[in-house]
Structures are given as C-alpha cells and as structure tokens.
2 protein chains.
Amino acid sequence: VSDTDASRTIEIHEALLGKNEALAERNRAMFRARGLTVINVLSSPGSGKTTFVQRTIADLKGRRRIGVIVGDLATDNDARRLRETGAPVVQIVTGTVCHLDAEMVARAAERVGLDDLDTLIVENVGNLVCPSAYDLGESLRVVLLSTTEGEDKPLKYPSMFQTADIVVVNKIDLAEAVEFDREAALRAISDVAPGAQVVVVSAKTGVGMEAWYACLEHRVGR
Amino acid sequence: VSDTDASRTIEIHEALLGKNEALAERNRAMFRARGLTVINVLSSPGSGKTTFVQRTIADLKGRRRIGVIVGDLATDNDARRLRETGAPVVQIVTGTVCHLDAEMVARAAERVGLDDLDTLIVENVGNLVCPSAYDLGESLRVVLLSTTEGEDKPLKYPSMFQTADIVVVNKIDLAEAVEFDREAALRAISDVAPGAQVVVVSAKTGVGMEAWYACLEHRVGR
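Per chain, the residues get numbers from 1 upward, laid out in the order the sequence is written. Chain letters start at A and ligand numbers start at 1, both assigned in the order the entries are written. Local features in this predicted model are restricted to residues whose pLDDT is 70 or higher, and side-chain atom pairs enter the listing and the counts only when it is 80 or higher, whereas totals over whole chains, interfaces and linings include all residues. Each side-chain value is worked out from all heavy atoms of the structure, with water and hydrogens disregarded.

### Digging into the overall build of chain A
Move 1: In terms of helices and strands, chain A carries 8 helices and 7 strands.
Move 2: Relative to the 2.2 N^0.38 estimate, which gives 17 Å for 222 residues, the radius of gyration of chain A is 17 Å and therefore close to what a compact globule would have.
Move 3: Considering only C-alpha atoms, chain A reaches an extent of 50 × 40 × 35 Å along its principal axes.
Move 4: Counting only residues that meet the buried cut, chain A has 58% of its 222 residues in that class.
Move 5: Taking as baseline every contact in chain A between residues at least 6 positions apart, the subset at least 24 positions apart corresponds to 74%.
Move 6: If you sum the accessible surface of chain A, you get close to 8900 Å²; carbon and sulfur atoms cover 49% of it.
Move 7: In chain A, which carries 26 positive and 32 negative side-chain charges, the distance between the mean positions of the two groups comes to 5 Å. In DSSP terms, a helix is any run of H or I states spanning at least four residues, a strand is any run of E spanning at least two, and both are numbered starting from the N terminus. Atoms counted for the radius of gyration: C-alpha only. Globule rule: 2.2 Å times residue count to the power 0.38. Buried means the residue's accessible area, taken with a 1.4 Å probe over protein chains only, is under 20% of the maximum for its type, while exposed means over 50%, and partly exposed covers the values in between. Only heavy atoms enter the contact rule, under which two residues are in contact if any of them lie within 4.5 Å. Throughout, the Shrake-Rupley method with a 1.4 Å probe supplies accessible areas, and for residues the shown protein chains are the sole cover considered. A positive count includes Lys and Arg, and a negative count includes Asp and Glu. His and the chain ends are not counted in either. Every charge is mapped to an atom, namely NZ of Lys, CZ of Arg, CG of Asp or CD of Glu.

Structure, rendered in structure tokens:
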C-alpha cells in the first residue's frame, strides 16, 4: 500500500461521509414531513442505553407513540429486551461495522411502520468513537455517560460529546459505590460540549427521568 | 460514490490491514529478539484499563521492568496517571482514529527505551470494536470486561473477545451494587472465547490480581 493509496483511502472515506450526509438530509426531510421526532442514542458499550430507552418508552406511554431501531454487531439481545415494552422494534445487525449510517436507518425505518409513530428512537452501536461522524438525519442526539466509566470520558472522547444535544449522566444510583465525582464530570461535559443540556438520571431506578422527558419536550416541541 | 468506489474502499482497507499485519510481524520479531513480553490491553472506555495497568506495575515492581505505551484520542490523563508509578510512559494521541496500529507502536517503542525493560504494556484506545482487527505484534492480548457493563457484552462484541488470550473481569468489588450475574458472564465469555483464560479481579482493591500475575507468568514464562 503506497502513500497514494492511503490518501486515496482518506479521499474515499470523505466521499462516503459526504454520501452519508446527503442520505441523512434525505432522512431528515422525510422525518420532518411526517412530523416524526427522531432521537439518536449513543454511548460506550454498557452505559445503559437499552434500559434508558426501555424506561422512556414505558414512562411516555400515552404521551408518545415510540418505535425503535437498534444496532448491534451481533445478537438480538437488546431488540428482545426492547420488544417487551410493546413498542415496534427493528434490529440492524452490523457485523463488524462499528456504527449505524443513514442508509441503514432509512431501510430499517421502512420496516418499523412509521405511520403509527410520532417518535423514533435509534439505539446506536455501543462505541464512543465511530458513530459520532455519522449523521442519521435525527432531530436530537443524546449521548449517555455512565457514572461507572470515570468523569474524564468527555475529555478523552471529545468528538462524540461535542455532537451531543443532550448529555445524559446515567447510573447515578451507583455514584457512591464508584466514588463518582459529579462536579468533575459536569465540568468535563461543559468544557467539551458547552451547548449541550445535561440531565442526571438512573434509568434503572427512574431517578431524574422526568428531567429528561421535560428536556425532550422542550427541545423538540410537540 | 459508486459501488466500484465502495468495493475499492474495502480493497484498500484490506490492503491496509495487510500492511499492518506485516508491520506487526516485524514488531513481533523485534520484541522476541529483545526477550520482551508485550501485552496489548483492550476494553470499552471506562472498564478500568489504566487502574489495571497501574496496579500491575506497582505489584510487579522488582519482578518485571515494565514500560507503557498508551493510546487516547485526546488528553494525556492516562499517561499522567501511569507516570505516577515511576514507569516510563509514551503517549500516542490518535485524534479521531479509534485504534492503535503496529506502526504507531513501533514508533512509540523507539521512544520508551526498550533496553531497560523486559515487559511492555500497550494500553489501547477504549473501544470494543475497531482495535480487535489490528495486531500490534504483542505476545499476549488481554481484554477487560467490567462488571458494570452487563454480562452479555462478549456475545454483543464477539470479534474483540474472540481474539483475547486472557479475559479479565474487572470491578468485581461492584458486583453486588450492579447485581452482576457472574455465571452468565463466564458463560458468555466461554461461548465466544472458549480458548481464553479468565481471571476475575478488582484492579481498585487488588482482589484477584495475583491470579492475573500467575496467568501472565504461565503464558509468557520468564
């Protein structure tokens, strides 16, 4: 592989990102035309995305008609957990691909049955790096940070947190057990993502989730 | 971007992986010639890699002369923590790149001062997907799984766990707080990585670390 090939790789990568950008805009226009709120949920593996989405669906039952697209490298574990809520769920198996892209979401959206929905939650592949560069056409980007991961993660993975509309600090019920330094974490988030709103929750116990719902309604309206 | 471009991207990606493979073999030959044990440490962000490496260096003082190469997208937080151990530490800042590669490690190894070492620990970028495909020329690949991440992570990120020589279940001190199902986690690991040795530790409290050191000595000898 020559340097020419390497620079050609970067070129093609940028072209693919450009192509994704165009497809994301097409998704966005389609979602808007339907009056659909689309939420892209991102985090590390194991930060509690699935539990967060599960509780959101259960708590907003009667207020929002929610469908879910969930991406994983392998297994339908999360899809099965999410289907227990009664919401329609479409699984995308990415194989070795570390992120969802706009085209995958467009195809999955056709299968989820958008006519019956006003809200679509996309649970991305667990990864704090790759998915940040891929716009899916979402209305809102929500990045989760678990108290168990350490307060400095926003500083260490800035590209992800910089793109967040809302940062959800999750697993606050474990704060004491992991000696979580709340001030340090909030400082790290505001250093990297000064424009993001921050809510502190436990998706497991439900603490703080009302603030997330208020934040959601405020951002997207109805 | 045409389909031809897309397939050319895959072609070039495979060529780059092939190039990495060749450089990894060169690293491996160089490390072997020096009698150096090289340990590639991988996990999600926040699974406790840095604490694990810190305690390993401290506990093995007098038994192993350890140097560290640490990769991060941004910040030198981990490098600063690791330098407190007194070990030589070289930081690689990857920017937006989600993994270390053999060439980065070859360059960093020149700076770390291999003459004074018998062991080199490479703390990879926190990511359960991308780094698995990049051989660095290591003697041993160690993948951490934190009890806080959920028992099914090996099933959901199989490519990473399949490449592990040793799987370290970390943060066992939090097992009760997170209702960790040890049997389910061990079953998931052995389903995906039947050849890997498994040790269960708390790098924070030190519990189980002796089993890791025994495992290390057994695998690499001295």
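There is more to say after this.
### As for the relation of the copies chain A and chain B
Move 1: Each copy is superposed on the other by least squares, with the fit set by C-alpha atoms of residues at a pLDDT of at least 70 in both. Note on the identical chains: chain A maps onto chain B by a rotation of 180 degrees and an axial translation of 0.0 Å, with an RMSD of 0.0 Å. Here the symmetry operator amounts to a two-fold rotation axis.
Move 2: By residue overlap, the copies meet face to face through one surface: 100% of the interface positions of chain A are interface positions in chain B.

### What about helix 7 (residues 182–192) of chain B?
Residue and element names in this part refer to chain B.
Move 1: Here helix 7 has its buried residues at A184, A185, A188, I189 and V192. All buried residues of helix 7 project into a common sector of 135 degrees when viewed along the axis, lining one side. Facing away from the buried side of helix 7 by more than 90 degrees, the exposed set consists of E183, R187 and D191.
Move 2: Packed against the buried residues of helix 7 are strand 5 (140–146), helix 5 (153–156), helix 6 (158–162), strand 6 (166–170) and strand 7 (197–200).
Move 3: Measuring from the side-chain oxygen of the N-cap residue of helix 7 to the backbone nitrogen of E183 gives 3.3 Å; that N-cap residue is D181. The arc in question is traced by the directions running from the helix axis to the C-beta atoms. Pairs of N or O atoms within 3.5 Å make up the polar contacts considered here, provided that, within protein, one atom can donate a hydrogen while the other can accept it, and that residues adjacent in sequence are counted only when both atoms are side-chain atoms.

From the geometry alone we can't say anything about function, so treat these as descriptive.
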